[in-house]
Amino acid sequence: MKTKITKKTILKFFGVLLLILVLSVLILFAVVIGRTYTFKVNTELGQWENATTIYPSLSPEQKKQLLENFKVAVQIPTVSFSESEQNTSALQEFDLLLRRVFPKIFSSSLVQHEMVGNYSHLFTVPGRDPDLAPYMLLAHIDVVPANEADGWDAPPFSAQELNGFIYGRGTIDNKQSVMGILQALEYLLERGYTPRRSFYIGLGHDEEIGGPQGAVNIVKLLKSRGVKLLYVLDEGLTIMDGVVDGLIGPGALIGVSEKGQATVKLSVSTPPGHSSMPPRESGIGILASAVTRLEKNRMPNLFGTGPERATFEHLAHKFGWPYRMVMSNLWLFSSLLSGVLEGQPDTNAFVRTTTAVTMFNSGVKINVMPAYAEAFVNFRIHSSQTLQEVLKLIESTISDERVKVDFISGFDPLPISSYDEDTFGYQIIKKTVHDIFAEVTVSPGICVGNTDSRHYTELSPDIYRFAPSWYKPGDTARFHGVNERISIQNYEEIVLFYFQLMQNSDIRNLPGPRT
């Protein structure tokens, strides 16, 4: 018996399908909208123990003095030119400055001071309760070179005031932290402060060249003493105001990891000859093709496999429409967001291992075919990849036996530190941000550059990279660039931040989640 399929039956079948599709879309829409208004992973903790015995405030005289101290620090050109060349006379001058402007720290029987690697500083501040695990604050004294001819509005080592800002190399990398940490401790000691919890301060002198004599030797010294740290706070991410499209209000990103690095040398050797009789492919051409393949075939987009997804989810409730809908529903819109992020160089760095051709050398004379060509390529490795994985991808992408690939240096991405509700270091930093900057939303983030803190992984599993410098649109270009500057108000806030952080860290235990 044959079943007769009529036009009416077909229409009914498609009607049911359409109804199912419409209902599915409506349900999906309801889920997305509901989640948009209810999604919030950035929870607050309950009632905190009050560890603030000295209110964070500055008198007019203190504001004047801390500004003068900071200006003098910026005026000292503590430049690291290369791994073999540093301005050691400036480092010696900086040591004398610290001893002069922070007399309480250097004369206190409470504080132990040591020089490490000739120019780095290690301060030990013992607490009243030896059962509490210590923490550590890091910063670095050295700066990168700066040339006034590059277009500075004020000489780079003048610390000149312009429209409420201090201009100079090191104002945001990283003398604001060096001076801010010590200035905060100086003021606390002046007011009779003795901490409950022990802590250390490490000031490296060669961070800009990898920290081989400063941070590395400080770590060796602490390891030899059996020191284990509850948390470490170094420079890194900042407070961003108006930098992230759609974010309502400023956001503070606390770096919970750093990308790894790999530097490789690509080289091609070919027979030399006269330029009047060139080969079909020159060594330069072969090498250029290999470099082009690396640039065109980018490393895979890995958004969501590292902490970058958590960054947007913790900020989701502070985005306006339609951004909030996307950030609250990354289970659905992850591909959309990752595609947008990879479209710009500054955000592309968060979603993949980046490829940067930084040096290309070949040729000795216009009419001579060069026998040798070389290029150096620097990769910043995403949190979910390893150094070995990246090196294999480089080889497979180039896929040319004529191109020799030599590994120069590198290391894996740093471990991802916890940012859970019960993680002491992260929550203490977050609370301190809220104490000083009430309007700021805090989120975990990934540091695309590297800091001295990468040497401290054996001392603590919880390492954070954050300095409360205030970045507005265009300010990221000032980092290692022209017209590096900090507002006078922001520097005062930085001093107060560390002033409060030292006291907040004195609590014994974190409170539970707010109910």
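Described in the following lines is the structure provided in the data block. Since we're looking at a predicted model, the values are computed, not measured.

**Details of helix 8 (residues 308–315)**
For helix 8, the tally of buried residues reaches seven of eight residues, placing the bulk of the element in the interior. Turning to helix 8, its buried residues are E308, A310, T311, F312, E313, H314 and L315. Looking at the buried positions of helix 8, the neighbouring elements they touch are strand 10 (251–258), helix 9 (323–328), helix 10 (330–341), helix 11 (345–351) and strand 17 (441–447).

**Quick notes on helix 7 (residues 283–296)**
In a regular helix each residue adds 1.5 Å, so 14 residues correspond to 20 Å; helix 7 covers 20 Å between its end C-alpha atoms and thus fits that length. Residues of helix 7 that are buried: G283, I286, L287, A290, V291 and L294. End-on, the buried residues of helix 7 take up no more than an arc of 135°, which puts them together on one face. Summarising the contacts, the buried residues of helix 7 are in contact with strand 11 (260–269), strand 13 (354–362), strand 15 (372–381) and helix 12 (387–398).

**Examining the pattern of salt bridges**
Within this structure, the stated rule accounts for 18 salt bridges. We note a salt bridge from K223 to E458, for which the minimum N-O separation is 2.9 Å. One end of the pair, K223, is in helix 6 (residues 215–224); the other, E458, is in the loop between strand 17 and strand 18 (463–471), and 235 residues separate them in sequence. We classify K223 as partly exposed; its relative accessible area is 39%. The structure contains a network of salt bridges with shared partners spanning E281, R293, D400 and R402.

**Overview of the nonpolar core**
M179, L233, Y498 and M502 are the most contacted members of the largest nonpolar core, which totals 74 residues. Per-element accounting of this core gives the leading share, 10 residues, to helix 14 (residues 488–504). Among all residues touching L233, those that are not within four sequence positions of it are M136, L137, L138, I429, Y464, F466, F497, Y498 and L501. In terms of nonpolar packing, the next biggest core, distinct from the first, is built from 21 residues, I286, A290, V291 and A373 among them.

**A few points about the sheet that holds strand 15**
Taken together, four strands build an open sheet; the order of strands is 13-15-11-16 and the sheet is antiparallel. Of all the strands in the sheet, just strand 13 and strand 16 (404–411) have a single pairing partner and so form its edges. When the angles between neighbouring strand axes are averaged without regard to direction, this sheet yields 20°. Alignment of strand 13 against strand 15, held across eight bridges, turns out to be antiparallel. By the bridge assignment for strand 15, T355 is matched with F379.

**Here's the deal with the pairing of strand 4 (residues 120–125)**
In terms of burial, strand 4 is largely enclosed, as six of its six residues are buried. Burial of strand 4 is two-sided: the residues S120, L122 and T124 facing one way and the residues H121, F123 and V125 facing the other way are all buried. Of the strand pairs in this sheet, strand 3 (residues 112–116) and strand 4 are connected by five bridges, and their pairing is antiparallel. Among the inter-strand pairings, V116 is bridged to a residue of strand 4, identified as S120. Between the end of strand 3 and the start of strand 4, which pair antiparallel, lie three residues, with G117 showing a positive phi angle near 60°. Relative to strand 8 (residues 199–204), strand 4 is paired through five bridges, and the arrangement is antiparallel. Opposite L122, over in strand 8, you have G202 as the bridge partner.

**Details of unusual backbone geometry**
Residues D173 and N174 are joined by a peptide bond in cis, for which omega reads 5°. Among the structural elements, N174 can be located in the loop between strand 7 (165–167) and helix 5 (175–190). The omega torsion of the bond from W321 to P322 falls at -5°, within 30 degrees of zero and hence cis. Here P322 lies in the loop between helix 8 and helix 9. The phi dihedral of N118 is positive, around 80°, even though this residue is not glycine. On the secondary structure map, N118 appears in the loop between strand 3 and strand 4. Residue classification places N118 among the exposed positions, given a relative accessible area of 63%. In the Ramachandran plot, N163 falls in the positive-phi region, its phi being about 55° despite a non-glycine side chain. Following the sequence through the fold, N163 ends up in the loop between strand 6 (160–162) and strand 7.

Rules used in this analysis
Residues numbered from 1 in each chain as written. Predicted model: local features only at pLDDT ≥ 70, side-chain atom pairs only at ≥ 80, totals over all residues. Heavy atoms only, no water. Buried < 20%, exposed > 50% of the residue type's maximum accessible area, 1.4 Å probe, protein only. Helix = DSSP H or I, 4+ residues; strand = E, 2+ residues; numbered from the N terminus. Contact = heavy atoms within 4.5 Å. Expected span 1.5 Å × (residues − 1). Arc of directions from axis to C-beta. Salt bridge = Lys/Arg side-chain N within 4 Å of Asp/Glu carboxyl O. Core = buried A, V, L, I, M, F, W, Y, C linked by side-chain atoms within 4.5 Å. Pairing = 2+ DSSP bridges. Axes fitted to C-alpha atoms, helices over the stretch in contact; angles between N-to-C directions.

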